[in-house]
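# Report on the structure
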Amino acid sequence: MICLQREEFILIMNEKKNNLAMDVTKNLIEKSNALILSKNNSLTKRELIILDLYLSFIQPRDEGSRTIVVKKKLLEQAVGTQIKAGDLKQNISNLLKTQISIENEKGEWIQSTLFQSSYCFMDENKEWCVSLTCSDFAKNYMFDINQYTVFQLRDVINLKNSKSILLFEYLLSQKYMHKTWQISIDELRQQLNCTEEYYDDYRKFNSKILKPCVDDINKTSVLFNVEYSKKTDKDRFTTSIEFTLTNSKNYKQMVKDIHNLQDMENKKNNLLGDIL
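Heads up: these notes are all about the structure in this document. Since this is a predicted model, take the numbers as computed values, not measurements.

Rules used throughout
Residues numbered from 1 in each chain as written. Predicted model: local features only at pLDDT ≥ 70, side-chain atom pairs only at ≥ 80, totals over all residues. Heavy atoms only, no water. Salt bridge = Lys/Arg side-chain N within 4 Å of Asp/Glu carboxyl O. Helix = DSSP H or I, 4+ residues; strand = E, 2+ residues; numbered from the N terminus. Buried < 20%, exposed > 50% of the residue type's maximum accessible area, 1.4 Å probe, protein only. Pairing = 2+ DSSP bridges. Phe/Tyr/Trp six-rings, centres within 6.5 Å; stacked < 30°, edge-to-face > 60°. Expected span 1.5 Å × (residues − 1). Polar contact = N/O pair within 3.5 Å; in protein donor to acceptor, adjacent residues only side chain to side chain. Axes fitted to C-alpha atoms, helices over the stretch in contact; angles between N-to-C directions. Left-handed = near helix turned anticlockwise from the far one by under 90°. Contact = heavy atoms within 4.5 Å. Nonpolar A, V, L, I, M, F, W, Y, C, P; charged D, E, K, R; others polar.

This part covers the pattern of salt bridges. Inspection of every chain in the model, using the stated rule, returns nine salt bridges. Where Asp136 meets Arg66, a salt bridge forms, and the shortest distance between an N and an O atom there is 3.0 Å. Here Asp136 is found in the loop between strand 6 (128-134) and helix 6 (139-142), whereas its partner Arg66 is found in the loop between helix 3 (45-57) and strand 2 (67-71), with 70 residues between them in sequence. Looking at Asp136, the relative accessible area reads 45%, which means it is partly exposed. Here the residues in one salt-bridge network are Lys31, Asp52 and Glu169, joined through shared partners.

Let us look at the pairing of strand 5 (residues 115-122). Along any regular strand, the residues point their side chains to alternate faces of the sheet. Pairing geometry for strand 5 and strand 6, over seven bridges, is antiparallel. The residue bridging Ser118 from the neighbouring strand is Leu132, located in strand 6. Once strand 5 ends, the chain turns through five residues before running back antiparallel as strand 6, passing Lys126 with a positive phi of about 60 degrees.

With that settled, consider the packing of aromatic side chains. This model, assessed by the stated rule, comprises 10 aromatic pairs. Here the aromatic rings of Tyr119 and Phe121 are separated by 5.2 Å at their centres, their planes lie at 20 degrees, and the arrangement is stacked. Clustering of aromatic rings is evident, with ring pairs tying together Tyr170, Trp181, Tyr228 and Phe243.

Taking 1.5 Å of rise per residue, the 14 residues of helix 8 (residues 162-175) would be expected to cover 20 Å, and the 20 Å separating its terminal C-alpha atoms lies within 8% of that figure. Burial analysis of helix 8 places 14 of its 14 residues in the buried class, the great majority of the element. N-cap assignment for helix 8: the residue whose side-chain oxygen lies 3.1 Å from the backbone N of Lys163 is Asn161.

So, on to the packing of helix 3 against helix 4 (residues 72-79). It is at 10 Å that the axes of helix 3 and helix 4 come closest, and there the two elements cross at 115 degrees. Handedness of the crossing formed by helix 3 with helix 4: right-handed. For the pair helix 3 and helix 4, the contacting residues are Arg46, Ile49, Ile50, Leu53 and Phe57 in the first and Leu74, Leu75, Ala78 and Val79 in the second. Its residues assigned to classes, the contact of helix 3 with helix 4 shows eight nonpolar, no polar and one charged.

Take the side chain of Ser221 next. Relative to the elements of secondary structure, Ser221 occurs in the loop between helix 10 (202-220) and strand 9 (224-232). Take Ser221: its relative accessible area is 13%, and that puts it in the buried class. There is a polar contact of 3.3 Å between the side chain of Ser221 and the backbone nitrogen of Phe224.

In structure tokens:
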């Protein structure tokens, strides 16, 4: 028999924290840059949203906070559609199999699975719930409070697909450091999990992936607008992409709202620490 005492307590705190009558899309996410920049991310849009929802529930400043319990109906609220039991099992299975790959400037790398375990069960109210626990190693990258990017769940759920989400989170992670920068085309393709030979041709990569994602972000994002241009070598081969971000009209207000949410989260976490 699996003991759920701690998970049940976290579920109660999560329900108080989010108040299921409220819009879960306003949940605040503090996502480590190492996790955003990890390569070989083959998760679907739904799985990326579940991952971000997980991050919105944990307490990144509490090393012991790595297990959450979420009601299935809240997951459905986050992804905007009902989830069949078989599909949910497959989504969670993919999350459990997902590895992150971190590489430094020396070319040294390390890999780890994101999650250690999951448990799907029916609570006393006969509502389906899912627990997720990240791996011991991955929590160091998930919960890096020194280098992280802050946004709300609603910033990603309206994007069309996983590529748009990956690009949005990458751009946002870089925005806090510079407004204009370049990234090699190979690195960008890895970032967006477009390493197939088909995308060796920049024209195909641009028409099928990059331009649609940029258009999607510009149509959806309330934080910034993005422009890009290709850079070529002497043989006119595309070698890199230059991105330029400009703040949206509501950017200052959005940042203020996020800071207010962070203050509220810190107060709740301090209260939770006192209770524990």
